[in-house]
Amino acid sequence: MMRIAIHHARRPLLRRAQPWLGTRVEISVRHRDLAIANRAIDTGFAAIAHIHRSMSPQLAGSDVARINRAAVNEPVRVCRSTWQVLLIASGLHRRSDGLFDCAVFAGHAKASQRDLDLTRRHEVVKRRPLAIDLGGIAKGYAVDAALDALRDAGVTSGCVNAGGDIAAFGDEPFPVDVRDPLEPSVCHRLVELRNFAVATSSIEESNALLAGPHAHEVEREAFDQGASICVLAPRCVFADALTKVVALSGTATHPLLARCGASAIVLHSRRA
Amino acid sequence: MINRFLIASFPVAGIAIAAASNAFAVEYLTVEAAQRLMFPSASSYVLERPGFTPEQMRAIDASTHASSQARQFLIFRAEADQALLGRIYVDEVIGKSELITYAVAIAADGAVKQVEILAYRESHGYEVRDPRWRAQFTGKRASSPVVVGDDIANISGATLSSRHVTDGVRRILALDALIRRGSK
């Protein structure tokens, strides 16, 4: 115990939180020099703020709001970050046979993410009337971007948590708990996170997505309504997106997990 | 590290290793640490009591569709050589099952400079609205600006809305505009 205490005294943990992306974003950093640690956290939050401003559907000037307002066949310029998220979303949409879909209803029942044409670098065009919501995948991407910023700022180790989408880097692990779906006031240790990411979705959250374009194609017998799905992946953007693929496919061994170097854990809300 | 997770799916009992208590609390920053962080060039942070009338407060709450649940709503003037750099507002909001203390820094021109969450306490059930539950955190502020809490784990899947903080910031912006009009 004593050794642990001394160890912590040498490398203190600085932890701050700000409201972004509709949730509480927490950044933890370990470094000997507190001024460097604070500056690193500032750069992490700046990266998150940029993604919030580009991808929040509620902000009128964001890329996502402009895409949603645009007319069919009207080209929309987006920033580098939005472009990268759309590229990742498009790849996941294709490789999950349409299960992952960031298109939301906008008047055309058959509209899907396929109708958002990534025409050329940093430019998209809608081929049908539709709106998109990058919600979870943008959150995962923001966690990765903030973690990259911490790494560049030269701290020893760091962890970013955006409403339960978590990634950590460095030589010291960060403990991550998950709520017990049977007893939400109780948490269980899920992982000692180091140079890896984790995201958790409840089946209830994922079912909300089923109001989307592919509701009729999805079988939902596999998991009970209160179950939670945790996905561990090298990057948080994949961890978050894959929780939806697992929830909607009803299998924790969907082949896309292995392709992304990820694995899934399902916490059932009923006792076996 | 992730060898434990090669098994793709198993019931929760399989990983029931550590159980936490019913209340979950994190103290991020003291008010003093937030002041230094938000206006580092200030030489003093002076407590300000603007003395709003109840009518003014009601008008603000109505126009911003927000209200404060703060036990102590604090306003500080950040000054350097008697010149005003901006103000720091310390407020509290209650969400569905959490109590959040946060600080908003607003520059002298009325622009939001920074929003920091100072403390966060979560409970399941009615406790968050119970003054006795809230009282246990009163005065629980470390003298150090650093919160050393390696025992506090991140919780995956704890998606909590920051809507109440966003509403609170909107209300504080309206209050700040009122203060700036009054001091002209």
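Provided above is the structure to which this section pertains.
To start, this report covers the structure provided alongside it.

### A short note on the overall build of chain A
In terms of regular secondary structure, chain A is built from eight helices and 14 strands. In chain A, buried positions account for 60% of the 272 residues. Contacts in chain A between residues far apart in sequence, at least 24 positions, make up 61% of those at least 6 positions apart. Entry remark: accessible area of chain A is about 11200 Å², with carbon and sulfur atoms responsible for 52%.

### Thoughts on the overall build of chain B
Scanning chain B from N- to C-terminus turns up four helices and seven strands. What you see in chain B, going N to C, is helices and strands ordered as β-α-β-α-β-β-β-β-α-β-α. Contacts spanning at least 24 positions in sequence make up 66% of the contacts within chain B whose residues lie at least 6 apart. Split by element, the accessible area of chain B, about 9200 Å² in all, is 55% carbon and sulfur.

### Digging into the pattern of salt bridges
All names here are of chain A. This model, assessed by the stated rule, comprises 24 salt bridges over all chains. Residue D177 pairs with R189 through a salt bridge whose shortest N-O separation is 2.5 Å. Of this pair, D177 sits in strand β10 (residues 174-180) while R189 sits in strand β11 (residues 183-193), and the two are 12 residues apart along the sequence. Across the pair, R189 and D177 agree in class, each one buried. Residues R189 and E192 are paired through a salt bridge, measuring 3.2 Å at the closest nitrogen-oxygen approach.

### Topic: helix α7 (residues 236-249) of chain A
All names here are of chain A. The terminal C-alpha atoms of α7 lie 20 Å apart, and with 14 residues this matches the ideal 20 Å at 1.5 Å per residue to within 8%. The element α7 is extensively covered by neighbouring structure, given that 12 of its 14 residues are classed as buried. Listed as buried for α7 are C236, V237, A239, D240, A241, L242, T243, K244, V245, V246, A247 and L248. Once α7 finishes, G250 follows within two positions and takes phi at roughly 75 degrees, a positive value.

### Considering the side chain of E123 of chain A
All names here are of chain A. Following the sequence through the fold, E123 ends up in strand β6 (residues 123-126). Judged by its relative accessible area of 9%, E123 falls in the buried class. Among all residues touching E123, those that are not within four sequence positions of it are P75, V76, R77, W83, D117 and L118.

### Here's the deal with the sheet that holds β6 of chain A
All names here are of chain A. Read across the open sheet, the three strands follow the order β3-β6-β5; overall the sheet is antiparallel. The two strands at the open ends of the sheet, each matched to only one other strand, are β3 (76-77) and β5 (116-120). Here β3 pairs with β6 via two bridges, running antiparallel. For V76, the partnering residue across the bridge sits in β6 and is V124. Relative to the sheet, helix α4 (residues 80-95) contacts β5 and β6, its axis offset from that of β5 by approximately 125 degrees.

### Quick word on the packing of helix α2 (residues 54-64) of chain B against helix α4 (residues 163-182) of chain B
Residues and elements named next belong to chain B. Orientation of α2 relative to α4, taken along the N-to-C sense of each, is 135 degrees, at an axis distance of 9 Å. When the axes of α2 and α4 are compared, the pair comes out oblique. Crossing of α2 against α4: the hand is right-handed. Listed contacts from α4 to Q56, M57, I60, D61 and T64 of α2 are R170, R171, A174, L175 and L178. Looking at the contact of α2 with α4 residue by residue, the classes come out as five nonpolar, two polar and three charged.

### Some thoughts on the nonpolar core
The biggest cluster of nonpolar side chains holds 71 residues, and the ones touching the most others in it are I132, L134, I137, L150, V160 and V231 of chain A. Looking at this core element by element, the count peaks at 10 residues for helix α5 (residues 135-152) of chain A. Not counting residues up to four positions away in its chain, the partners in contact with L134 of chain A are M55, V64, T82, V85, L86 and C102 of chain A. Counting 33 residues, the second-largest nonpolar core is a separate cluster that includes L74, Y89, I100 and Y102 of chain B.

### Observations regarding the pairing of strand β1 (residues 13-20) of chain A
Residue and element names in this part refer to chain A. Of all eight residues in β1, eight are buried, a share of seventy percent or more. Burial along β1 is two-sided: the face carrying L13, R15, A17 and P19 and the face carrying L14, R16, Q18 and W20 are both buried. Pairing of β1 with strand β2 (residues 23-30), which is carried by eight bridges, proceeds in the antiparallel orientation. Bridging across to β2, Q18 finds its partner in V25. Once β1 ends, the chain turns through two residues before running back antiparallel as β2, passing L21 with a positive phi of about 55 degrees.

Calculation notes
Positions within a chain are numbered from 1, following the residues in the order the chain's sequence is written. For naming, the first written chain is A and the first written ligand is 1, with later ones following in the order written. Residues qualify for local features only when their pLDDT is at least 70, as the model is predicted, and side-chain atom pairs are given and counted only at 80 or more; totals for whole chains, interfaces and linings, by contrast, use all residues. The side-chain values count all of the structure's non-hydrogen atoms but skip hydrogen atoms and water molecules. For the purposes of this entry, the term helix denotes a DSSP run of H or I that reaches at least four residues, the term strand denotes a run of E that reaches at least two, and both are numbered from the N terminus. Between buried and exposed lies partly exposed: a residue is buried under 20% and exposed over 50% of the maximum accessible area for its type, with that area taken using a 1.4 Å probe on protein chains only. Contacts are assigned to residue pairs with any non-hydrogen atoms lying within 4.5 Å of each other. Accessible areas in this description were obtained via Shrake-Rupley with a 1.4 Å probe; residue shielding takes into account the shown protein chains only. A side-chain nitrogen of Lys or Arg and a carboxyl oxygen of Asp or Glu constitute a salt bridge if their distance falls within 4 Å. A helix is expected to reach a length of 1.5 Å times the quantity of its residues less one. Strand pairing is defined by DSSP finding a minimum of two bridges between the two strands. Angles run from 0 to 180 degrees between N-to-C directions of axes, and those axes are lines fitted to C-alpha atoms, restricted for helices to the stretch in contact. An angle counts as roughly parallel when it lies under 35 degrees, as roughly antiparallel when it exceeds 145, as roughly perpendicular when it falls between 65 and 115, and as oblique in every other case. Definitions for this section: a left-handed crossing has its near helix turned counterclockwise from the far helix by less than a right angle. A right-handed crossing has that turn clockwise. Amino acids are sorted into nonpolar (Ala, Val, Leu, Ile, Met, Phe, Trp, Tyr, Cys and Pro), charged (Asp, Glu, Lys and Arg) and polar (every other residue, Gly among them). Buried Ala, Val, Leu, Ile, Met, Phe, Trp, Tyr and Cys residues that are joined via side-chain atoms within 4.5 Å together make up what is termed a nonpolar core.

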